[in-house]
Amino acid sequence: MTDRRLLLVHAHPDDETIGTGATMAKYAAEGAAVTLVTCTLGEEGEVIPPELAHLAADRDDALGEYRIGELAAACAALGVTDHRFLGGPGRWRDSGMMGVAANHHPRAFWQADLDEAAAALAEVIREVRPQVLVTYDENGFYGHPDHIQAHRVSRRARELAADPAHGAGEPWRIAKFYHTAMPRSVMKRTAEAMRESGAPFMPEDPDDSPFGCADADVTTEIDARAYVGAKLDAMRAHRTQITVSAPWYALSNNIGQQALGVEHFILRAGRPGPPGPGAPYEAGGIGEPFDREDDLFGGVH
């Protein structure tokens, strides 16, 4: 078993690539064991290519079944060989955005029994024995019910996996627990760069965005710019959901973002590692003015 083991918990296929793809590719290339757990098949996604529009209408879960293949191709692009669906493919279903009818589907992840879902994840934790767990914050990064539930399940699973009285196998205590993050300064720089470059997508106004955090809240940045090409290839694999015009991409809303090679995180539990030198800005070449740790495994013994 490799001495560095990273577990990421994401809600839908494509979430792993958009938020953490470069980081996953970097650690996989460096020999770390990278495990991805995806909680749903993404059945409620909006299909972009007209020739695949039938997937959203043919039958209830046709799109989700198709997206299994997209996720497999994305993982291959990122060099990730260990991927699982929580509870098995289709155990829990994409709940859609907050307040829609899909929230009440019998298998909606939003309605999942917390301890049941967490127990399924705790089994993976005890098998894989990761030092590091990455998922979303309490608001699910931008308020999506499945992202919120992924946070709740991950937090509870971390407790169950360490409890000798629960489950089979040897207990395992995760050393570091991270939330994904997007600093508002990065969002502003990206929007400015898009306007200046004449990007084919509309730039997002950071002030109107449902996500983003203060720069001071970010504890960790991973400089994985060498792997942004792998991230873009993984985005292209998710063709029902993402349109790519490198270095930009957009979802079905046609609001553009940059495929970032520097990804940010907030350490919520565990000991931080030493600060790194700070990755250069994605555009402009000026170093980030923060002393952040630069390794998810920093401080792990």
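Residues numbered from 1 in each chain as written. Predicted model: local features only at pLDDT ≥ 70, side-chain atom pairs only at ≥ 80, totals over all residues. Heavy atoms only, no water.

Looking at the overall build of the protein chain
Consideration 1: Scanning the protein chain from N- to C-terminus turns up seven helices and eleven strands.
Consideration 2: Expressed as lengths along the three principal axes of its C-alpha atoms, the size of the protein chain is roughly 55 × 50 × 30 Å.
Consideration 3: In the protein chain, which comprises 301 residues, the proportion classed as buried is 53%.
Consideration 4: Pairs at least 24 apart in sequence give 77% of the contacts found in the protein chain among residues at least 6 apart.
Consideration 5: Carbon and sulfur atoms make up 51% of the accessible area of the protein chain, which amounts to about 12600 Å² in all.
Consideration 6: Between the mean site of the 28 positive side-chain charges and the mean site of the 45 negative ones, the protein chain shows a separation of 4 Å. (Helix = DSSP H or I, 4+ residues; strand = E, 2+ residues; numbered from the N terminus. Buried < 20%, exposed > 50% of the residue type's maximum accessible area, 1.4 Å probe, protein only. Contact = heavy atoms within 4.5 Å. Areas by Shrake-Rupley, 256 points an atom, 1.4 Å probe, with all protein chains shown as cover. Lys, Arg positive; Asp, Glu negative; His and termini not counted. Charge placed at Lys NZ, Arg CZ, Asp CG, Glu CD.)

Some details on the packing of aromatic side chains
Consideration 1: The final tally for this structure, using the stated rule, is four aromatic pairs.
Consideration 2: Plain terms: the ring middles of Tyr178 and Phe265 are 6.2 Å apart, the flat faces sit at 70 degrees to each other, and that makes the pair edge-to-face. Taken together, the residues span a long stretch of sequence, with Tyr178 in strand E5 (residues 176-181) and Phe265 in strand E11 (residues 262-269) at a distance of 87 residues. Judged on exposure class, the residue Tyr178 and its partner Phe265 are both buried.
Consideration 3: If you follow Lys26 out to its NZ or CZ, it ends over the ring of Tyr27, 5.9 Å from the centre.
Consideration 4: Over the aromatic face of Trp92 sits the side chain of Arg91, whose NZ or CZ is 4.3 Å from the ring centroid. (Phe/Tyr/Trp six-rings, centres within 6.5 Å; stacked < 30°, edge-to-face > 60°. Lys NZ or Arg CZ within 6 Å of the ring centre and 35° of its normal.)

Brief notes about the UniProt feature "binding site: Zn(2+)" (unreviewed entry) in the protein chain
Consideration 1: Under the feature "binding site: Zn(2+)" (unreviewed entry), the UniProt entry names His12, Asp15 and His147. The greatest C-alpha distance among the residues just named is 9.5 Å, despite their covering 136 residues of sequence, which places them together in space.
Consideration 2: Residue position: Asp15 is located in helix H1 (residues 15-29).
Consideration 3: Judged by its relative accessible area of 13%, Asp15 falls in the buried class. (UniProt positions renumbered as here; feature names shortened; annotations may be inferred.)

Structural notes on the side chain of Asp14
Consideration 1: With respect to the element layout, Asp14 can be found in the loop between strand E1 (5-10) and H1.
Consideration 2: With a relative accessible area of 7%, Asp14 lands in the buried category.
Consideration 3: Within the structure, the side chain of Asp14 is placed 3.3 Å from the side chain of Arg67, a separation counted as a polar contact.
Consideration 4: Excluding its chain neighbours within four sequence positions, the residues that come into contact with Asp14 are Arg67, His238, Gln241 and Ile242. (Polar contact = N/O pair within 3.5 Å; in protein donor to acceptor, adjacent residues only side chain to side chain.)

Some words on the pattern of salt bridges
Where charged atoms from two side chains of opposite charge come close, those side chains can pair.
Consideration 1: In the structure shown here, the tally under the stated rule is 19 salt bridges.
Consideration 2: Among the salt bridges present, the one from Glu51 reaches Arg239, with a minimum N-O distance of 2.8 Å. Of this pair, Glu51 sits in the loop between strand E2 (33-38) and helix H2 (62-78) while Arg239 is found in the loop between helix H7 (228-237) and strand E8 (243-245), placing the two residues 188 residues apart along the sequence.
Consideration 3: By relative accessible area, Glu51 is classed as partly exposed at 48%.
Consideration 4: The partner of Glu159 in a salt bridge is Arg156, with the nearest N and O atoms 3.0 Å apart. With Glu159 and Arg156 both in helix H5 (residues 145-161), this residue pair falls three residues apart, about one helical turn. (Salt bridge = Lys/Arg side-chain N within 4 Å of Asp/Glu carboxyl O.)

Let's talk about the sheet that holds E1
Consideration 1: One open sheet accounts for seven strands, arranged E3-E2-E1-E4-E5-E11-E7; its pairing is mixed. Each edge of the open sheet carries a strand with a single partner, namely strand E3 (82-85) and strand E7 (220-223). In this sheet, neighbouring strand axes are inclined to one another by 25 degrees on average, regardless of whether the strands run parallel or antiparallel.
Consideration 2: Strand direction decides the pairing type here: E2 and E3, joined by four bridges, are parallel. In the strand pairing of E3, Val37 is matched with Arg84.
Consideration 3: The sheet strands contacting helix H3 (residues 114-128) are E1, E2 and E3, and the helix crosses E1 at an angle near 165 degrees. (Pairing = 2+ DSSP bridges. Axes fitted to C-alpha atoms, helices over the stretch in contact; angles between N-to-C directions.)

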